[in-house]
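As a plain string of letters, each chain reads:
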Amino acid sequence: MAHASNAGTDTGCNCASSPLLSQFKPFEWVQTERIDPSQQSQAAFLNDARDVVQGAQTLVQLLDWDEDRRDATSPDSNTAPIFDTCQRASLLRLIAVSLGLLHARIEDQFESLTG
């Protein structure tokens, strides 16, 4: 998964002192250090947005497949759905919140461009 922002990741530990962690670089779709500094903020946003959209799309497809699979099995079958009702509701809320946060960031981007 792409990672461009470190918002909310401060755990209070001094992890940078670890030799291995100091070498670690999170995956990015667009490597921000290779582009013009004036475009780095936009690249970071695109990295996050791409992950949110791809994750939401994959999750919706999985939920739809699981529902179709559940509907296709006979009541006598022991085939249980992968997700129970509570899990489905939680995953759908995750999708809604993720897309809502993405929408808010898109609106912020538009506002900064049209200021």
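About the criteria used
Residues numbered from 1 in each chain as written. Predicted model: local features only at pLDDT ≥ 70, side-chain atom pairs only at ≥ 80, totals over all residues. Heavy atoms only, no water. Salt bridge = Lys/Arg side-chain N within 4 Å of Asp/Glu carboxyl O. Helix = DSSP H or I, 4+ residues; strand = E, 2+ residues; numbered from the N terminus. Buried < 20%, exposed > 50% of the residue type's maximum accessible area, 1.4 Å probe, protein only. Core = buried A, V, L, I, M, F, W, Y, C linked by side-chain atoms within 4.5 Å. Contact = heavy atoms within 4.5 Å.

How would you explain the pattern of salt bridges if you had to name every residue and give the values?
Scanning all chains against the criterion turns up 5 salt bridges. Asp 48 is the partner of Arg 105 in a salt bridge, and the nearest nitrogen-oxygen pair spans 3.0 Å. On the criterion of sequence distance, the pair formed by Arg 105 in helix H3 (residues 85-114) and Asp 48 in helix H2 (residues 40-72) is long-range, its members being 57 residues apart. The partner of Asp 66 in a salt bridge is Arg 69, and the shortest N-O contact between them spans 3.3 Å. In this pair, Asp 66 and Arg 69 are both assigned in helix H2, 3 residues apart and thus about one turn of the helix distant. By relative accessible area, Arg 69 is classed as partly exposed at 25%. Salt bridges sharing common partners tie together Asp 66, Glu 67, Arg 69 and Arg 88.

Let's hear about the nonpolar core: which residues, and what values?
Counting 6 residues, the largest nonpolar core is built from Ala 56, Leu 59, Leu 63, Phe 83, Leu 91 and Ile 95. Put simply, the parts of the chain that give this core at least two residues each are H2 and H3. Counting residues per element, this core draws most heavily on H2, which supplies 3 residues. Beyond its immediate sequence surroundings of up to four residues, Phe 83 is in contact with Leu 62, Leu 63, Asp 66, Arg 88 and Leu 91.

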